[in-house]
Amino acid sequence: MALTSDPPSTAPLTKDPTATATATPPAPADLVVVPVRHPWRWVAVAATAVLLVQFAHGLVTNPGWEWDVFAAFFTTETILQAVWVTLQLTFYGTALGFAIGIVLAFMRLSANPFLRSVAFGYIWAFRSIPLIVQLLFWFNLAYLYKELSIGIPFGPSFLSFDTMGLVGEMSAAVLGLALHQAAYAAEIVRGGVLAVDEGQSEAAASLGIPKLRQLRRIVLPQAMRSILPNAANEIISLFKGTSIVSVMAIGELFYQVQVVYGRNGRVVPLLMVATAWYVLLTTALSVVQHYVERHYAKGSAR
């Protein structure tokens with residue numbers, strides 16, 4: 001006995017366009033844009049503003065700041081001479097430090113293992129020894145060497161100098177600051193040169209450009225974009241770090257401020273005099289940094 005079932009319907013399936021309604025998205029004008037709420041951000045802004053206002057109010061109303069004493073000593077001849085000494089130490093320390101640092105940087109990049117080792121040893125030593133120790137060492141150089149001579153190594157000398165008269169307080173300070181700065185400047189310059197794509201030098205060499213011209217016209221202008229921010233930080237640090245030469249009784253800004261408030265007992269206003277001069281000169285250096293960076297950033301993508 002055969003079991004049969006109705007054959008499946010072969011009629012085509014049809015869809016009534018009115019059977020289902022298609023949802024229409026709302027027009028953009030009907031959308032309500034709700035900005036993200038940041039309540040805690042406004043709480044932080046308000047708290048910070050209150051603290052700043054309280055600090056400014058304390059500066060104005062607290063008699064302990066003695067702003068009249070500050071105004072009386074801010075532009076005195078003694079302070080201005082001390083500022084000039086500070087600027088001299090910064091300029092000479094920076095110029096000599098970066099001049100030596102550039103040489104050390106290319107010694108470290110040299111293919112000669114002896115030059116690389118000497119440069120690495122110098123950088124390691126001068127970054128390891130505290131600056132105050134280096135300054136005191138150069139200040140007491142005459143204790144170790146009574147005189148310095150020029151002549152044949154391990155042989156007769158042709159010219160001699162008295163160390164006591166050759167290396168004075170200012171010379172020892174500049175020498176110590178410059179040699180210390182050179183160790184950091186070498187690493188800054190080396191990092192900037194390594195940041196330049198090696199293909200630049202290869203392309204220049206393929207065109208027959210001499211190595212010195214490659215360095216001066218191709219590598220260093222591009223490396224300056226990496227060198228300048230770190231170099232500016234080091235210069236500003238050196239400018240403020242000149243206060244450490246006060247241990248050698250050199251009349252720079254911080255030493256003269258100490259001398260003045262040691263006589264009249266006005267410690268806080270005299271410290272504010274030094275602080276104000278450091279802030280003003282650091283701001284000036286930052287402005288110079290901005291324009292120099294903008295000069296070397298010409299043609300670069302931002």
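Please refer to the structure placed before this passage.
This write-up is about the structure you can find in this document. Since we're looking at a predicted model, the values are computed, not measured. (Residues numbered from 1 in each chain as written. Predicted model: local features only at pLDDT ≥ 70, side-chain atom pairs only at ≥ 80, totals over all residues. Heavy atoms only, no water.)

1. Some remarks on the environment of A105
Here is step 1 of the chain: Here A105 lies in helix α3 (residues 77–108).
Here is step 2 of the chain: A relative accessible area of 1% places A105 in the buried class.
Here is step 3 of the chain: A sequence separation of 11 residues divides A105 from R116, and the C-alpha atoms of the two residues are 9.1 Å apart.
Here is step 4 of the chain: Ignoring any residue separated from it by four or fewer positions in sequence, one finds A105 in contact with A186, V189 and R190. (Helix = DSSP H or I, 4+ residues; strand = E, 2+ residues; numbered from the N terminus. Buried < 20%, exposed > 50% of the residue type's maximum accessible area, 1.4 Å probe, protein only. Contact = heavy atoms within 4.5 Å.)

2. Observations concerning the environment of E293
Here is step 1 of the chain: Relative to the helices and strands, E293 is located in helix α12 (residues 267–296).
Here is step 2 of the chain: Residue classification places E293 among the partly exposed residues on the basis of a relative accessible area of 26%.
Here is step 3 of the chain: Along the backbone, E293 and L228 are 65 residues apart, and their C-alpha atoms lie at a distance of 6.7 Å.
Here is step 4 of the chain: When residues no more than four places from it in sequence are discounted, the contact partners of E293 are L228 and P229.

3. Considering the packing of aromatic side chains
Here is step 1 of the chain: What the rule picks out here adds up to eight aromatic pairs.
Here is step 2 of the chain: The interplanar angle of 10 degrees and the centroid separation of 4.8 Å between the aromatic rings of F74 and W277 together place this pair among those described as stacked. Taken as a pair, F74 in the loop between α2 (67–73) and α3 and W277 in helix α12 lie far apart in primary sequence, 203 residues in all. For the pair F74 and W277, one class covers both residues: buried.
Here is step 3 of the chain: Geometrically, the ring pair formed by Y122 and F126 is stacked, given 4.3 Å between the ring centres and 25 degrees between the ring planes. (Phe/Tyr/Trp six-rings, centres within 6.5 Å; stacked < 30°, edge-to-face > 60°.)

4. A look at the pattern of salt bridges
Here is step 1 of the chain: By the definition in use, this model includes three salt bridges.
Here is step 2 of the chain: A salt bridge links E187 to R108; the shortest N-O distance between them is 3.1 Å. Residue E187 is found in helix α8 (residues 169–194), and its partner R108 is found in helix α3; the two are separated by 79 residues along the sequence.
Here is step 3 of the chain: On the basis of relative accessibility, which here comes to 19%, the residue E187 falls in the buried class.
Here is step 4 of the chain: According to the relative accessible area criterion, R108 is partly exposed, its value standing at 23%.
Here is step 5 of the chain: Ionic pairing is found between E187 and R190, a salt bridge with its closest N-O pair at 3.0 Å. Here E187 and its partner R190 are both found in helix α8, three residues apart, which amounts to about one turn of the helix.
Here is step 6 of the chain: One connected set of salt bridges, linked through shared partners, spans R108, E187 and R190. (Salt bridge = Lys/Arg side-chain N within 4 Å of Asp/Glu carboxyl O.)

5. Some remarks on the layout of surface pockets
Here is step 1 of the chain: Counted as a void, the largest pocket has a volume near 490 Å³.
Here is step 2 of the chain: Elements that contribute at least two residues to the lining of the largest pocket include exactly α8, α9 (198–206) and α10 (211–241).
Here is step 3 of the chain: Grouping the amino acids of the lining of the largest pocket by side-chain chemistry returns eight nonpolar, two polar and four charged.
Here is step 4 of the chain: In this structure, the second largest pocket occupies an estimated 370 Å³ of space. (1 Å grid on protein atoms, 1.4 Å probe; cavity = no way out; pocket = protein on both sides within 12 Å on 5 of 7 lines; lining within 4 Å. Points joined across faces, edges and corners; volume = space filled by probe spheres on them. Nonpolar A, V, L, I, M, F, W, Y, C, P; charged D, E, K, R; others polar.)

6. Examining the nonpolar core
Here is step 1 of the chain: Among the nonpolar cores identified, the biggest contains 25 residues, and L89, L104, Y122, L177 and V245 are the most heavily contacted of them.
Here is step 2 of the chain: When residues in this core are grouped by element, the largest group, eight residues, is from α8.
Here is step 3 of the chain: Other than its neighbours up to four places away in sequence, Y122 contacts I100, L104, L179, A182 and A183.
Here is step 4 of the chain: L253, V257, L270 and V273 belong to the second-largest nonpolar core, a separate cluster that totals 18 residues. (Core = buried A, V, L, I, M, F, W, Y, C linked by side-chain atoms within 4.5 Å.)

7. What to know about the packing of helix α11 (residues 253–264) against α12
Here is step 1 of the chain: Where α11 meets α12, the closest approach of the two axes is 9 Å, and the angle between their N-to-C directions is 165 degrees. Here α11 lies roughly antiparallel to α12, going by the angle between them. Relative to α12, the crossing made by α11 is right-handed. Residues L253, F254, V257, V260, Y261 and N264 of α11 pack against V267, L270, L271, A274, W277 and Y278 of α12.
Here is step 2 of the chain: Residues that form the contact of α11 with α12 fall into these classes: 11 nonpolar, one polar and no charged. (Axes fitted to C-alpha atoms, helices over the stretch in contact; angles between N-to-C directions. Parallel < 35°, antiparallel > 145°, perpendicular 65-115°, else oblique. Left-handed = near helix turned anticlockwise from the far one by under 90°.)

8. Remarks on the side chain of T86
Here is step 1 of the chain: Within the element layout of this structure, T86 appears in helix α3.
Here is step 2 of the chain: Relative accessible area serves as the criterion here: at 1%, T86 is assigned to the buried category.
Here is step 3 of the chain: Look past the residues within four positions of T86 in its chain and what remains in contact with it is F239, T242, E252 and L253.

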